[in-house]
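# Reading the structure
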Amino acid sequence: MSRLAHKTAVVTGGNSGIGLATVEAFIQEGAQVIFTGRNAQANQRVEQALGEQVHGIVSDAGKWEDIQAIRAQVEAISPKVDILFINAGIAQFAPVDQVSENFFDKILDVNFKGAYFTIQALLPLINDGGSIILNTSINAHLGMPGASIYAASKAALLSLAKNLSAELVSRKIRVNAISPGPVATPLHTPDKFGISEDEFKQMGEGIAAQIPAGRFGAPEEIASAAVYFASDESRFLLGTELIIDGGMATL
Ligand SMILES: NC(=O)c1ccc[n+]([C@@H]2O[C@H](COP(=O)([O-])OP(=O)(O)OC[C@H]3O[C@@H](n4cnc5c(N)ncnc54)[C@H](OP(=O)(O)O)[C@@H]3O)[C@@H](O)[C@H]2O)c1
């Protein structure tokens, strides 16, 4: 298949989970892919596995200096970009009375501020007619204990899809969102969620029971939607959202 032939994509957070599945799908569709991640070794493993059409950049979406450097890093590999998948994100949970300023800032810094200023930094490289895709979450639509900050960071991205689409329409740059339900990725560990083993087990059982499809999604099922939004097949979609959640919020 070559739905993305001659296109260059940037995927943030591309060495694991949904980002990695999307890097793989973009490559299969003929694109050149530049991806970010904080872990240099994880980036190298992906480069080695996927070949010369894939280039990793060590970059932290939560660090201002890294965001300021990203344009030059991308430009050194490709002068122009057609597709930007804003995927890097952290999911951590805490009840309102335990949310510290540090916790609040950490999540917003990566999930929203990092997303916003990465787009700003890379916009001069994005070709007219390009596609920006924001990876949000079903949490933007749910009321779930402990999820207030994570959910707000993702709801902010839904707003961004509309407002940036309105602003960039003169350049025919489209900004759309994908909102996954629970997806089986390395994100689902007590450590990454910032909760105990017991809380994690309870949370997992509670979540699975709420998915009408009866299972977590697979990263490839999100990557397929990213390919569609990245390709010219979706050229009449602006500021929209595709919820991919096994019916968790849609039914
Ligand atoms: N899995 C789910 O159930 C689910 C559901 C809805 C939405 N999402 C969203 O999907 C996105 C990807 O999640 P995932 O499940 O695929 O998680 P994952 O397997 O943990 O992958 C996260 C990726 O993001 C990178 N990353 C994390 N923090 C970063 C930072 N500050 N700067 C740059 N890269 C960073 C990680 O690489 P490094 O560690 O090397 O930085 C990794 O490549 C997130 O935005 C998440 O909120 C996930």
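Counting from 1, residues in each chain are numbered in the order their sequence is written. Confidence filtering applies because this is a predicted model: local features only for residues at pLDDT of at least 70, side-chain atom pairs given and counted only at 80 or more, and all residues used for totals across whole chains, interfaces and linings. Values shown for side chains rest on all heavy atoms present in the structure; no hydrogens or waters enter the calculation.

As recorded by an unreviewed UniProt entry, the protein carries the name NAD(P)-dependent dehydrogenase (Short-subunit alcohol dehydrogenase family) and is attributed to Dyadobacter jiangsuensis. What UniProt states about the protein under its Sequence similarities (unreviewed entry) heading is, verbatim, "Belongs to the short-chain dehydrogenases/reductases (SDR) family." UniProt positions are given in the numbering used here, feature names are shortened, and annotations may be inferred rather than shown by experiment.

Turning our eyes to something else, we now look at the side chain of S165. Helix and strand definitions follow DSSP, with helices as H or I runs of at least four residues and strands as E runs of at least two, each counted in order from the N terminus. Take S165: it is sitting in helix 5 (residues 148-168). Dropping the residues within four chain positions of it, S165 is found in contact with L160, I173, R174, V175, L238 and G239. In this analysis, two residues are considered to be in contact whenever any of their non-hydrogen atoms come within 4.5 Å of each other.

So, about the sheet that holds strand 1 (residues 8-11). When DSSP finds at least two bridges between two strands, those strands are taken to pair. Reading across the sheet, the seven strands line up as 3-2-1-4-5-6-7 and stay open at both edges, with parallel pairing between neighbours. Edge positions in the open sheet fall to strand 3 (54-58) and strand 7 (241-244), since each of these has one partner strand only. Sheet twist, expressed as the average angle between the axes of neighbouring strands with direction ignored, equals 15 degrees. The strands touched by helix 3 (residues 64-75) are strand 1, strand 2 (32-37), strand 3 and strand 4 (81-86); relative to strand 3, the strand with the most contacts, the crossing angle is about 155 degrees. Axis definition: a line fitted to C-alpha atoms, limited for helices to the stretch in contact. Angles are taken between N-to-C directions and run from 0 to 180 degrees.

Let's shift gears to the site of the ligand. Neighbouring residues of the ligand: 32 residues in total, closest N15, S16, R38, Y150 and T185. Whenever a nitrogen or oxygen atom comes within 3.5 Å of another N or O atom, the pair is scored as a polar contact, on the condition that within protein one atom can donate a hydrogen and the other can accept it, and that pairs from neighbouring residues in sequence are kept only if both atoms are in side chains. Contacts to the ligand include N135, whose side-chain N or O atom sits 2.9 Å from an oxygen atom. At 2.7 Å from an oxygen atom of the ligand is found a side-chain nitrogen or oxygen belonging to Y150. Of all the elements in the fold, those that place two or more residues in the shell around the ligand are helix 1 (17-28) and helix 5. Three categories are distinguished: nonpolar for Ala, Val, Leu, Ile, Met, Phe, Trp, Tyr, Cys and Pro, charged for Asp, Glu, Lys and Arg, and polar for the others, with Gly belonging to the last. Split by residue class, the shell around the ligand holds 11 nonpolar, 17 polar and four charged. Nearness of a residue to a molecule or strand requires only that one of the residue's heavy atoms be within 4 Å of it.

Turning our eyes to something else, we now look at the pairing of strand 5 (residues 126-135). Only protein chains enter the calculation, and the probe is 1.4 Å; a residue is then buried if its accessible area is under 20% of its type maximum, exposed if over 50%, and partly exposed in between. The element strand 5 is extensively covered by neighbouring structure, given that seven of its 10 residues are classed as buried. With helix 4 (residues 101-122) bridging strand 4 and its parallel neighbour strand 5, the resulting β-α-β unit is right-handed. Both strand 5 and strand 6 (residues 174-180) contribute to a ladder of five bridges, which runs parallel. Across the sheet, residue I132 finds its bridge partner in strand 6, namely V175. With the strands pointing away from the viewer, any crossover whose connection runs clockwise from the first strand over the helix to the second is right-handed.

For the rest of this paragraph, the subject is the nonpolar core. In globular proteins that are soluble, nonpolar side chains generally tend to be buried together. Joining through side-chain atoms within 4.5 Å is the link that ties buried Ala, Val, Leu, Ile, Met, Phe, Trp, Tyr and Cys residues into a set, and such a set is a nonpolar core. V74, L84, I119, I132 and L134 are the most contacted members of the largest nonpolar core, which totals 26 residues. Residue assignment for this core shows that the elements contributing at least two residues are helix 3, strand 4, helix 4, strand 5, helix 5 and strand 6. Looking at this core element by element, the count peaks at six residues for helix 5. If we skip the residues at most four places from it in the chain, L134 touches I86, I119, L157, L160, A161, V175, N176, A177 and I178. Residues A9, F85, I178 and V227 belong to the second largest nonpolar core, which totals 25 residues.

Right, let's talk about the packing of aromatic side chains for a bit. Any Phe, Tyr or Trp ring, taking Trp's six-membered ring, that has another such ring centre within 6.5 Å forms a pair; planes under 30 degrees apart are called stacked, those over 60 apart edge-to-face, and the others tilted. Overall, the coordinates contain seven aromatic pairs when judged by the stated rule. Ring geometry for F93 and F193: centres 5.2 Å apart, planes at 85 degrees, overall edge-to-face. Here F193 lies in helix 6 (residues 190-193) and F93 lies in the loop between strand 4 and helix 4, a separation of 100 residues in the sequence. Of the residues examined, F93 reaches a relative accessible area of 11% and is grouped as buried. For F193, a relative accessible area of 4% gives the class buried. Ring pairs connect the aromatic residues W64, F112, Y116 and F117, which therefore count as one cluster.

The rule for a salt bridge is simple: a side-chain nitrogen of Lys or Arg has to be within 4 Å of a carboxyl oxygen of Asp or Glu. For the structure shown, the criterion picks out seven salt bridges. E233 is paired through a salt bridge with R3; the nearest N and O atoms lie 2.9 Å apart. Of this pair, E233 sits in the loop between helix 8 (219-230) and strand 7 while R3 sits in the segment before strand 1; the two residues are 230 residues apart in sequence, bridging distant segments of the chain. Its relative accessible area of 43% is what places E233 among the partly exposed residues. Put simply, K7 and D232 hold a salt bridge, and the shortest N to O gap is 3.5 Å. Placement of the pair is K7 in the segment before strand 1 and D232 in the loop between helix 8 and strand 7, with a sequence separation of 225 residues. One continuous salt-bridge network, built from bridges that share partners, spans R3, E29 and E233.

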